[in-house]
Amino acid sequence: MDYFRSGLKSVLGPPPGNQPTGAETVERLVSRVSTSTLLEDRRDACRALRALSKKFRLEVGAQGMDVLRQVLELDRSDCEIVGYCLDTLCNITAKQTFEEEIDNAVNNVQLNVGEDFTETFVGEQFTEMFLKNPENVNLVLSFMEEYDFRVRWPAVKLMTSLILSKPKVVQDIILVSPMGVSKLMDLLLENREVIRNDALLLLINLTKSNANIQKIVAFENAFDRLFDVINDEGGTDGGIVVEDCFLLLLNLLRNNTSNIHFFKEGSYIQKLAPMFTLPPNLEEIGWSPQKVSNFHCMLLLVRTLVSPNNPAQVVAACQKAMRNTNLLEALTDILMAAGVPANILTETINTVGEVIRGNLTNQEYFSNVQAPSNPPRPVIVVLLMSMVNEKQPLTLRCAVLYCFQCYLFKNEIGQQTVVHTLLPSNEAVASVTTGQLLCSGLFGNDALSNWFSAVALSHCLVDNPAQKEQLLRVLVATKAGAQPFGLLQQCAVFLQRTARLQSKLGVLMLLAQWMAHSQQAVKVFLGVSGAMAFLTAQASASEYDDNEELLQGLCAFLMGLCVAFNDNSEPNYSKENLSQLIEKRVGIETYCRKLSEVSHHEVYALAAKQPQPRAKHSGDLLLEYEFCQLFKSMEGVIYQALGRQRDLFSGISELSLSEHENALLVQYKELIREQDKQIQELAANMGACKMRCKELEAQLDDLQETNKQLVDQNTLLRAQLAANSSNIAIQDRHLDLSSPPNDSENSDLLEKIRKLESDNATKAADLDRIRKDQDDLLELLTDQDVKLNSFKDRLKELGENVDDGESDNNSVESENS
Amino acid sequence: MSYAYLFKYIIIGDTGVGKSCLLLQFTDKRFQPVHDLTIGVEFGARMITIDSKQIKLQIWDTAGQEAFRSITRSYYRGAAGALLVYDITRRETFNHLTTWLDDARQHSNSNMVIMLIGNKSDLESRREVKKEEGEAFAREHGLVFMETSAKTAANVEEAFINTAKEIYEKIQEGVFDINNEANGIKIGPQHSPTNPSLPGAGGAGGSQGSGCC
Ligand SMILES: Nc1nc2c(ncn2[C@@H]2O[C@H](COP(=O)(O)OP(=O)(O)O)[C@@H](O)[C@H]2O)c(=O)[nH]1
Ligand SMILES: [Mg+2]
């Protein structure tokens, strides 16, 4: 502080009488920059402005922005002054609040009486002012071509600050600026590391969610550059810079098919692969936190390339390259290495899963990997042991399930291999097998293990009629010495016995996967005593709590499968009997509602989103991706099967209707027509309401925008006012001391102040009025919302399918580190 | 696979002239009749042979960005070759060539090889631009010219390969600075002189034990 003051003194000379206020000082400096004819002088003033630009950010920004911009243009050949200006601009446009600034705000209460203006907003405000003229961005870009450290470095920092405040605007300007991206990319070749590292941060922010910029950056040899930097910095053992490089790579590749294609074609997977090889002495030296971060990014990078969301062709090509470059091998080595941190191990399991998913060669490779245990066991077995082990962390168990699912995905041979381990055979099995692990997990005491095992087993049956049949041959001995029991029967019994929702849902999903398209499985299920009664009771239950509606819905779903895939060989449960059962005991309406409650459930929406099971708490694991797929495809089939039965049924009966029944029928038809009309009216009504709601929202947006603008104006006016009053104070002092009073100028200024003050008052009044309007509108909006909801409820009561329009913002992504 | 050189290409021209189809035909040897912007190949690569040297072509398609010239401009500097495409059944795409060419000349390095392509030569009955007009334009502006069909694959290989030949010749003549990657040319990773795949060379299962493939 003292340093600043003395610096200022030397520039300004001793203060006349009192200490000048910050605003006064800034005012003087700004006028000095703009009027002084000596470069030396302007430079000193700019240096002083830079020193004040944190503490008196508002003043410097409000008064100095234009002058600073001018200097950048007119004095551009003087690196020193340009550096000061860029630094100053960087401070006033910064998104964060400076400590000095807070101190100042506390001391300077009179400037912001009763107003809680946030400083971060000031930075954004000044950024916006600066960006109003796109040429300013080009100006800053041009300074990056200047080699002088005093210019290039602050230019990089200023650009970063601008991007952080207004990413979209800056991205759009740079995109159309001639060679804009090229200039930034050249910075990665910088040999002064500070600049290069800051350029990395700049590029990370610049490439966020803008596919065009990502593409150009990649075109400008970003992959080569970044791998060079990574290698220079020591690879995975390198510091935060390496991590930054990986973050930029991630930005360039995430959801950018074109760049992924380029990455693969440019043989960059080959460059990535060796980095996954762990040094032999890693166990002794251990994993530094930075290495863990770097590794985590690398794993994410691999997953970005083979993400199930990418086009299948691209994924297949990348998977192949990963196998050929031994990247997959290195990953499986990590699975079995000692001392790997838990989160890295978990993420490696997920990664291995996606590298092999749907790729027969890679799946086969994986199934042959042996863990170096004693005796050696297939790595799959070792992983499954963790999955059904209560003591393992949830994320790890989820990862194993995912990896196992990926192993079985479109892998008939894999499915067969697992089922085969369960079949009765003559050969004595020496060691534990995948099938055994899953079966013991399926009926064990841990609900989560039940669920995991059921889901895992169900994946052996996806689109595989042969294995559905084979699995029916599997017998389980419940107790030692007891009569062996079919696996499916055991599932049906377990379903009725267990009290745990998670276990029930798991088993229901397994049964559904099993029985869909399998008349044999359905037949076996129908033969289990009490099974159908259980389903019926659940499906017809009218009350539920927590997530029980899922249980009821899944039971209804299973009943439907029993109708759809019924060979009529069980006389009591023929197609016709079952549909009558549904109609009479459950009621068609209730039945349909139970089904739709499943597909409208948030748990369903979450599970259907991506193949990877994700959960924060073990209780969150209820439904699973492949089951959701099955549910989606079977819903229609079930309705159709039921409908056909009903048509047959009612076709016979309508002929034999009594007069009374006929009258009733007519009455019902009338009722339905009536309700139909009502529904239509309500729908129209709702449409109107939605429109009105939209209009109001738009109005509200407008008002908020105006409001914001007014606040901005207000802030600036205040700053100007403060500057003006200090100006006047100075002038007053001058007048006291010297020469004849200059009345006209004085009154001019007074007039100006009065005008500003009255302006300000009007603006404040406007603001108040608009705030009030806004409140009223908000109230109105709430009313409309309530109405809308009540209409929706009414529509729902009337059985109309109302789209709630809930956006699914419940993504639980934990990407990035 | 190792290569002697890597060339970067861009494909430019009005929307709908068949840029994406040309790229797909060249890299995948297939034709996609439906104009699907969402598929947007956007990037393709293929290995070719010139003068018994392996040359890798990396090709960027300016998919969906034709309207935003300024975005396309970002690609000029780093490209060694450009295919400038018009549609022989739509005269306006031919009329726009000058703007495209001006843009390309202004923003590219001066050695960039530009190949002019009149595409859709299979649609003879709907032709609006005579072959001679294309030739004249090319002659006037010092470009190589060719009519192609992304549908029948006629001349597609030739268009990409001839462009590469031009670049290759310029390298031989020493016009291109091959050490400046900004020119869109890269020299291949060192070709190891001890190529293990030579038949008969070195005993199989020898002591080197380099199991790499
Ligand atoms: N008959 C014919 N149609 C073509 C040819 N090349 C492209 N098309 C069609 O022209 C349309 C535009 O092609 P496209 O490659 O998407 O053009 P782009 O916008 O330049 O990428 C598509 O409907 C193509 O099927 C060609 O050589 N012959
Ligand atoms: Mg296209």
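Fair warning: this is a prediction, and the values are worked out from it, not measured in the lab. (Residues numbered from 1 in each chain as written. Chains lettered and ligands numbered in written order. Predicted model: local features only at pLDDT ≥ 70, side-chain atom pairs only at ≥ 80, totals over all residues. Heavy atoms only, no water.)

Undergrad: Explain the environment of L423 of chain A to me, please; I cannot follow it from the model alone.
TA: Residue and element names in this part refer to chain A. With respect to the element layout, L423 can be found in the loop between α26 (412–420) and α27 (434–442). The class for L423 is buried, based on a relative accessible area of 12%. With sequence-adjacent residues up to four places away left out, L423 is seen in contact with Q470, R473 and V474. (Helix = DSSP H or I, 4+ residues; strand = E, 2+ residues; numbered from the N terminus. Buried < 20%, exposed > 50% of the residue type's maximum accessible area, 1.4 Å probe, protein only. Contact = heavy atoms within 4.5 Å.)

Undergrad: Would you mind showing me how to read the interface of chain B and chain A here?
TA: Interface size is commonly expressed as the accessible area that is lost once the parts come together. Contacts between chain B and chain A engage 24 residues on the former and 21 residues on the latter. Carbon and sulfur atoms make up 49% of the area that chain B and chain A hide from each other, which totals about 2100 Å². Looking only at chain B, the three residues that lose the most surface to chain A are F43, S74 and R77 of chain B, adding up to 26% of its buried area. Counting across the chain B and chain A interface gives five salt bridges. The residue K56 of chain B makes a salt bridge to E265 of chain A at a minimum N-O spacing of 3.8 Å. Scanning the region where chain B abuts chain A turns up eight residue pairs in polar contact (both at pLDDT 80 or more). For the side of chain B that touches chain A, the residue count by class is eight nonpolar, six polar and ten charged. (Buried area = accessible area lost by both parts, 1.4 Å probe. Salt bridge = Lys/Arg side-chain N within 4 Å of Asp/Glu carboxyl O. Polar contact = N/O pair within 3.5 Å; in protein donor to acceptor, adjacent residues only side chain to side chain. Nonpolar A, V, L, I, M, F, W, Y, C, P; charged D, E, K, R; others polar.)

Undergrad: Before we go on, may I ask you to explain the domain arrangement of chain A in this structure?
TA: You can read the domains of chain A as domain 1 (209–368), domain 2 (431–652) and domain 3 (682–729 + 759–816). Taking only C-alpha atoms into account, the centre of domain 1 of chain A sits 39 Å from that of domain 2 of chain A. (Domains from an automatic or database assignment.)

Undergrad: For this particular structure, what's the right way to read helix α33 (residues 531–540) of chain A?
TA: Residues lying three or four places apart along an α-helix face the same way, a consequence of the helix completing one turn every 3.6 residues. In terms of residue burial, α33 of chain A counts as a mostly covered element, since seven of its ten residues are buried. Looking at the packing, one finds that the buried side of α33 of chain A touches α30 (487–497), α31 (501–515), α32 (519–526), α34 (548–564), α35 (575–586) and α36 (588–599) of chain A.

Undergrad: What exactly am I supposed to notice about the side chain of N256 of chain A here?
TA: All names here are of chain A. Secondary-structure assignment places N256 in the loop between α15 (240–253) and α16 (257–265). Take N256: its relative accessible area is 5%, and that puts it in the buried class. In contact with N256, other than residues within four places in its own chain, are A211, Q214 and K215.

Undergrad: Just to check I follow, could you spell out the pairing of strand β5 (residues 113–119) of chain B for this structure?
TA: All names here are of chain B. Within β5, seven of the seven residues are buried, which leaves the element mostly enclosed by the surrounding structure. Neither face of β5 is exposed, since V113, M115, I117 and N119 on one face and I114, L116 and G118 on the opposite face are all buried. Sheet topology note: the strand β4 (residues 81–87)/β5 ladder contains seven bridges and is parallel. In the sheet register, A82 faces β5, and the bridge partner there is I114. Note that β5 and strand β6 (residues 144–147) share four bridges and pair parallel. Looking at the pairing, I117 lines up with M146 of β6. Crossover β5 to β6 through helix α5 (residues 131–141) is right-handed. (Pairing = 2+ DSSP bridges. Right-handed = clockwise from strand over helix to strand, strands pointing away.)

Undergrad: How should the pattern of salt bridges be read in this particular structure?
TA: Two side chains with opposite charge may pair up if their charged atoms get near one another. This model, assessed by the stated rule, comprises 43 salt bridges over all chains. E695 of chain A is the salt-bridge partner of R692 of chain A, the closest N and O atoms lying 3.4 Å from each other. Taken together, the residues span about one helical turn, with R692 of chain A and E695 of chain A both in helix α39 (residues 659–737) at a distance of three residues. You can call R692 of chain A partly exposed: its relative accessible area is 34%. Across the pair D87 of chain B and K120 of chain B runs a salt bridge whose closest N-O atoms are separated by 3.1 Å. Placement of D87 of chain B in strand β4 and of K120 of chain B in the loop between β5 and α5 is noted, with a sequence separation of 33 residues between them. The class of K120 of chain B is partly exposed, set by a relative accessible area of 23%.

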